[in-house]
Amino acid sequence: MTEETQAFNSALPQHVGIIMDGNGRWAERQGKPRVWGHKKGVDAVRKAVSFCRKLGIPSLTLFAFSSENWRRPEDEVSSLMQLFLFVLQQEVKVLHKNQVRLNIIGDLSRFSPGLQESIAKAQALTAGNTGLTLNVAANYGGRWDIANAAQQLAQQVANGTLQPAEITEQLLSQHIQMHDQPELDLMIRTGGDIRISNFLLWQAAYAELCFLDTLWPDFDDQVFADAIASFVRRERRFGCTGAQIRELAAGSTEGQ
Ligand code: FPP
């Protein structure tokens, strides 16, 4: 186990991924259309971003629209697209002012030219910010991510610049989204379901999972703080035994 691995046991998560579920039910419980829940969900997004900034968590990844969400009723998909465009245009200056770098992950080719243009502009404006990287997964799927990486390596094999035997986990991981950011430490899902729904499949290999009944619009600093406190209390073993981890932890506090 490396020193870096050991440090993960006591530190705050360096990368948090969130499946923001429950907007529709939140709205329906109040007799409102589902899109109302998505709008309220944007307030929860703001809170989560500002919470990560306050704590100094360097990477936050939000699952905004999965590759399977196109199956939803046409009017809901269209409202979500309008909301994304509105939020991008509305929030990008605030994000920039707060040193947030915006990074959209997913297959963007299916989005309208207007949305693609806004995404490109927002990413370019915030590219140099170092306070927090906010990754928004849009038309994203974990299987797509892995297939996309495999395709890039296959192309190199076809070009004759890579031998199949040279394909290792490490090489493949360099072609997976967000490979230049800290490893995913904590994956949170709100809304009560206990599944990861094709989110960050590769990146979640050693992430701690946290499933909450809270519906996304009700997600606030207290809920986030509780999830992080639960993360900090967990013993991450990365294949080692508990005794090894405790021994290393004792060693790391010696002389402090
Ligand atoms: C899942 O709730 C939520 C979504 C599919 C959309 C999430 C979008 C936002 C929070 C707004 C925009 C965010 C950004 C980052 C621009 P659901 O509709 O599946 O809820 P349900 O399970 O109660 O039906």
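Just so we're clear, the structure is a prediction, and the values are computed from it rather than from any experiment.

Calculation notes
Residues numbered from 1 in each chain as written. Predicted model: local features only at pLDDT ≥ 70, side-chain atom pairs only at ≥ 80, totals over all residues. Heavy atoms only, no water. Helix = DSSP H or I, 4+ residues; strand = E, 2+ residues; numbered from the N terminus. Rg over C-alpha atoms; globule rule 2.2 N^0.38 Å. Buried < 20%, exposed > 50% of the residue type's maximum accessible area, 1.4 Å probe, protein only. Contact = heavy atoms within 4.5 Å. Areas by Shrake-Rupley, 256 points an atom, 1.4 Å probe, with all protein chains shown as cover. Lys, Arg positive; Asp, Glu negative; His and termini not counted. Charge placed at Lys NZ, Arg CZ, Asp CG, Glu CD. Near = heavy atom within 4 Å. Polar contact = N/O pair within 3.5 Å; in protein donor to acceptor, adjacent residues only side chain to side chain. Nonpolar A, V, L, I, M, F, W, Y, C, P; charged D, E, K, R; others polar. Phe/Tyr/Trp six-rings, centres within 6.5 Å; stacked < 30°, edge-to-face > 60°. Lys NZ or Arg CZ within 6 Å of the ring centre and 35° of its normal. Expected span 1.5 Å × (residues − 1). Arc of directions from axis to C-beta. Pairing = 2+ DSSP bridges. Patch = residues over 30% accessible without salt bridge, like charges linked within 9 Å, V, L, I, M, F, W, Y side chains within 5 Å. Salt bridge = Lys/Arg side-chain N within 4 Å of Asp/Glu carboxyl O. Axes fitted to C-alpha atoms, helices over the stretch in contact; angles between N-to-C directions.

### Examining the overall build of the chain
When helices and strands are counted, the chain shows nine helices and six strands. A compact globule built from 256 residues would reach a C-alpha radius of gyration of about 18 Å, and the chain, at 19 Å, matches this within 12%. Based on the C-alpha atoms only, the size of the chain along its principal axes is roughly 55 × 50 × 35 Å. Buried residues in the chain amount to 44% of all 256 residues. Contacts in the chain between residues at least 24 apart in sequence constitute 77% of all its contacts with a sequence separation of at least 6. Carbon together with sulfur atoms contributes 51% to the accessible area of the chain, which is approximately 13600 Å² in total. The distance from the centre of the 25 positive side-chain charges to the centre of the 28 negative ones in the chain is 8 Å.

### Points about the site of the ligand
Near the ligand you find 18 residues, and of these D21, G24, R25, R34 and R72 are the closest. Within the contact set of the ligand, an oxygen atom lies 2.8 Å away from a side-chain nitrogen or oxygen of D21. G24 places a polar main-chain atom, nitrogen or oxygen, 3.0 Å from an oxygen atom of the ligand. Looking at the shell around the ligand, the elements with two or more residues in it are helix 2 (23-29), helix 3 (34-55) and helix 4 (74-97). Taken together, the residues of the shell around the ligand break down into eight nonpolar, six polar and four charged.

### Considerations on the packing of aromatic side chains
For the structure shown, the criterion picks out 11 aromatic pairs. Centroid distance Y206 to F238: 5.6 Å. Interplanar angle 35 degrees. Geometry classified as tilted. Here Y206 is found in the loop between strand 5 (186-189) and strand 6 (208-211), whereas its partner F238 is found in the loop between helix 8 (221-233) and helix 9 (242-253), with 32 residues between them in sequence. Overall, the relative accessible area of 25% leaves F238 in the partly exposed class. Positioned over the ring face of W36 is K32, at 5.0 Å from the centre of the ring. Against the face of W70 rests R110, its NZ or CZ located 4.2 Å from the ring centre.

### Some thoughts on helix 8
With 13 residues, helix 8 extends 18 Å between its outermost C-alpha atoms, agreeing within 8% with the 18 Å of an ideal straight helix rising 1.5 Å per residue. Buried within helix 8 are the following residues: V223, F224, A227, I228, S230 and F231. The arc that holds the buried residues of helix 8, viewed along the axis, is 155 degrees, so those residues lie on one side. Among the exposed residues of helix 8, those pointing more than 90 degrees away from its buried face are Q222 and R233. Packed against the buried residues of helix 8 are strand 1 (15-19), helix 3, strand 5 and strand 6.

### Thoughts on the pairing of strand 1
Among the five residues in strand 1, five count as buried, and that is most of the element. Side-chain alternation along strand 1 places H15, G17 and I19 on one buried face and V16 and I18 on a second face that is also buried. For strand 1 and strand 5, the ladder comprises four bridges, and the chain directions are parallel. Its bridge partner lying in strand 5, I19 is registered against R189.

### Comments concerning a nonpolar patch on the surface
Together, L12, L55 and V232 give the surface a local cluster of nonpolar side chains, amounting to about 190 Å² of exposed area. Along the chain, L12 falls in the loop between helix 1 (3-8) and strand 1. In this structure L12 comes out as partly exposed when scored by relative accessible area, which is 33%.

### Details of the sheet that holds strand 6
A sheet is described by the order of its strands in space; here six strands give the open sequence 3-4-2-1-5-6, paired in parallel fashion. Either end of the sheet is taken by a strand with one partner, and the two such strands are strand 3 (100-105) and strand 6. Pairwise comparison of adjacent strand axes, ignoring direction, gives a mean angle of 20 degrees for this sheet. Both strand 1 and strand 2 (residues 59-66) contribute to a ladder of five bridges, which runs parallel.

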